[in-house]
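# Reading the structure
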Amino acid sequence: MSSSEERAGDAASYVEPAVFEELLSMRSSIDNIDATLVYLLAERFKATQRVGVLKAAHQLPPADPAREKNQIARLKRLAEDAQLDPEFAEKFLNFIIEEVIRHHQAISASAQTSGHSPAQNPAQNPDADR
């Protein structure tokens, strides 16, 4: 299925051609934004993986409640400035934080069972070969 067919959905069968073309254009923009979000999240998780490796190497706890609280407040302010529902922004960041903590816990557990620093363990250090 081509990307324009994916964007079309069922609308082509019941919408005027001009409206349909505008809908496709809008959906194309949404698809581009979604792709950007995925790549941005991937970059964010690469950065948080490095944080997790550093925390594990220095026996720091996977979670940092004070940092998380500050980040949520910061993101809610940004959401308000961007005219995005701050409660949605908080839910979104909480979801990401939960996933990051889960990753940090796994890195820490792996470091403890392997008996050496995650910074020396290429399996837990995605940047080890760079």
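Residues numbered from 1 in each chain as written. Predicted model: local features only at pLDDT ≥ 70, side-chain atom pairs only at ≥ 80, totals over all residues. Heavy atoms only, no water.

Looking at an unreviewed UniProt entry, one finds the protein named Chorismate mutase, with Nesterenkonia lacusekhoensis as its source organism.

### As for the packing of aromatic side chains
As enumerated under the stated definition, the model contains one aromatic pair in all. Note on Phe88 and Phe92: the rings are 6.2 Å apart at their centroids and 20 degrees apart in plane angle, and the pair reads as stacked. Here Phe92 and Phe88 lie together in helix H4 (residues 86–114), a separation of four residues that amounts to about one turn. For Phe92, a relative accessible area of 35% gives the class partly exposed. (Phe/Tyr/Trp six-rings, centres within 6.5 Å; stacked < 30°, edge-to-face > 60°. Helix = DSSP H or I, 4+ residues; strand = E, 2+ residues; numbered from the N terminus. Buried < 20%, exposed > 50% of the residue type's maximum accessible area, 1.4 Å probe, protein only.)

### Some points on helix H2 (residues 17–57)
If you check H2, its first and last C-alpha atoms are 60 Å apart, about what 41 residues at 1.5 Å a residue would give, namely 60 Å. Those residues of H2 lying buried are Phe20, Leu24, Phe45, Thr48, Gln49, Gly52, Val53, Lys55 and Ala56. The first or second residue beyond H2 is Gln59, which carries a positive phi of 50 degrees. (Expected span 1.5 Å × (residues − 1).)

### Here we look at a positive patch on the surface
Positive charge collects at one region of the surface, where Arg44, Arg67, Arg74 and Arg77 lie side by side. Ranked by the residues each element gives to the positive patch, the list is headed by helix H3 (residues 65–81), at three residues. With respect to the helices and strands, the residue Arg74 is situated in helix H3. Owing to a relative accessible area of 40%, Arg74 belongs among the partly exposed residues under this scheme. (Patch = residues over 30% accessible without salt bridge, like charges linked within 9 Å, V, L, I, M, F, W, Y side chains within 5 Å. Areas by Shrake-Rupley, 256 points an atom, 1.4 Å probe, with all protein chains shown as cover. Salt bridge = Lys/Arg side-chain N within 4 Å of Asp/Glu carboxyl O. Lys, Arg positive; Asp, Glu negative; His and termini not counted. Charge placed at Lys NZ, Arg CZ, Asp CG, Glu CD.)

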